[in-house]
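Descriptive analysis of the structure
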Amino acid sequence: MRIPLVVGNWKMHGRLADAKALASAVVGQTAALSGVERAVCPPFVHLSTVADCVADSDVGLGAQHCADGPIGAHTGEVAAEMLADLGVGYVILGHSERRQYDNERESGIAKRYEQALSQGLRPILCVGESLEAREAGQTDQVVGAQLTGVLDRLGDAGFGDGVIAYEPIWAIGTGLTASAEQAQAVHASIRALMAERVGDAASDLRILYGGSMKAANAEALLDQPDVDGGLIGGASLSADEFAAICAAAARG
Ligand code: PGA
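Just so it is clear, the structure is predicted and the values come from calculations on it, not from any experiment. (Residues numbered from 1 in each chain as written. Predicted model: local features only at pLDDT ≥ 70, side-chain atom pairs only at ≥ 80, totals over all residues. Heavy atoms only, no water.)

Core analysis: the largest hydrophobic core is formed by 64 residues, its most contacted members being Phe 159, Ile 164, Ile 190, Met 194 and Tyr 209. The biggest single contributor to this core is helix 10 (residues 239-251), with six residues. If we skip the residues at most four places from it in the chain, Tyr 209 touches Tyr 166, Pro 168, Ala 171, Thr 177, Ala 178, Ala 183, His 187, Leu 221, Val 227, Gly 229, Gly 230 and Leu 231. Counting twelve residues, the second-largest nonpolar core is a separate cluster that includes Leu 5, Val 7, Ile 124 and Val 163. (Core = buried A, V, L, I, M, F, W, Y, C linked by side-chain atoms within 4.5 Å. Buried < 20%, exposed > 50% of the residue type's maximum accessible area, 1.4 Å probe, protein only. Helix = DSSP H or I, 4+ residues; strand = E, 2+ residues; numbered from the N terminus. Contact = heavy atoms within 4.5 Å.)

As structure tokens, this is what we get:
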């Protein structure tokens, strides 16, 4: 039985007061829900404040990235141990924006993943294809290569209790969403690939959909048998939208 998980990726949005207000509103508006895990991922500099806002609630805390090594001399980076120390429970890794703008590759993502797991953080590993790859019929190959690239470096057992987020690049922040059928098809392929690598554990693995998920389309996506929640960007900046998506996941 997979408990749905809905995660807000706030990206590089907002000032401290905005983060505080949004976190408090999410706590208030999701308080009555059961049967759905939820978490918010503010920018690093807001984590500590948001940790206080969600402290006495069921809303979890996540980061958007972590360093590929332990605490030490690495200017500008943040170690997984520092995140765990603040009460962070999740960390998004391999987001397509980081792959695109920060040149992240599987080797580095696998190291970050190991660091996260070693500190008790739950990694949310993002994979997804470009529009060109989809149009060329290469979605499964691209997503498969991203997953196996990380798994080969981690070792199958090294995947631990991670979460996968399928985020087609063409759907991120564009208003275009994968149809429920498109999402289900890729999620089912991901689960089949993971079953080859981690065996029965693949049936407990949560695979989130991300890419312009919002209140209006959440239910159709979350109704799919292999869609176990969402990684929400733009819509997570509105507590109303985010709470509505959490409610749809709780019903699904
Ligand atoms: P979006 O972003 O919901 O704004 O498309 C999702 C993500 O990048 O995680």
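Counted according to the given criterion, the structure contains 15 salt bridges. Note that Glu 104 is salt-bridged to Arg 98, the shortest N-O span being 2.7 Å. A relative accessible area of 5% places Glu 104 in the buried class. Take Arg 98: its relative accessible area is 24%, and that puts it in the partly exposed class. Where Glu 129 meets Arg 134, a salt bridge forms, and the shortest distance between an N and an O atom there is 2.8 Å. Judged by relative accessible area, which is 21%, Arg 134 ranks as partly exposed. Each of the salt bridges in this network shares a partner with another, and the network as a whole consists of Glu 77, Arg 98, Asp 102, Glu 104 and Arg 112. (Salt bridge = Lys/Arg side-chain N within 4 Å of Asp/Glu carboxyl O.)

A few words now on empty space enclosed by the protein. In the structure shown here, the tally under the stated rule is one cavity of 30 Å³ or more. Looking at the largest cavity, its volume works out to about 30 Å³. Lining of the largest cavity is provided by Gly 94, His 95, Ser 96, Arg 99, Cys 126, Val 127, Gly 128, Glu 167 and Ile 172. Secondary-structure elements contributing two or more residues to the lining of the largest cavity are helix 4 (96-101) and strand 5 (122-127). For the lining of the largest cavity, a count of residues per class yields three nonpolar, four polar and two charged. (1 Å grid on protein atoms, 1.4 Å probe; cavity = no way out; pocket = protein on both sides within 12 Å on 5 of 7 lines; lining within 4 Å. Points joined across faces, edges and corners; volume = space filled by probe spheres on them. Nonpolar A, V, L, I, M, F, W, Y, C, P; charged D, E, K, R; others polar.)

Moving on, we come to the layout of surface pockets. Computed from the structure, the largest pocket encloses a volume of approximately 410 Å³. Along the walls of the largest pocket sit 15 residues, with Lys 11, Met 12, Gln 64, Glu 97 and Arg 98 positioned nearest its centre. The dominant element in the lining of the largest pocket, judged by the number of residues it contributes, is helix 4, at three residues. Partitioning the lining of the largest pocket into residue classes produces seven nonpolar, four polar and four charged. Roughly 250 Å³ of volume is contained in the second largest pocket. Split by residue class, the lining of the second largest pocket holds seven nonpolar, ten polar and four charged.

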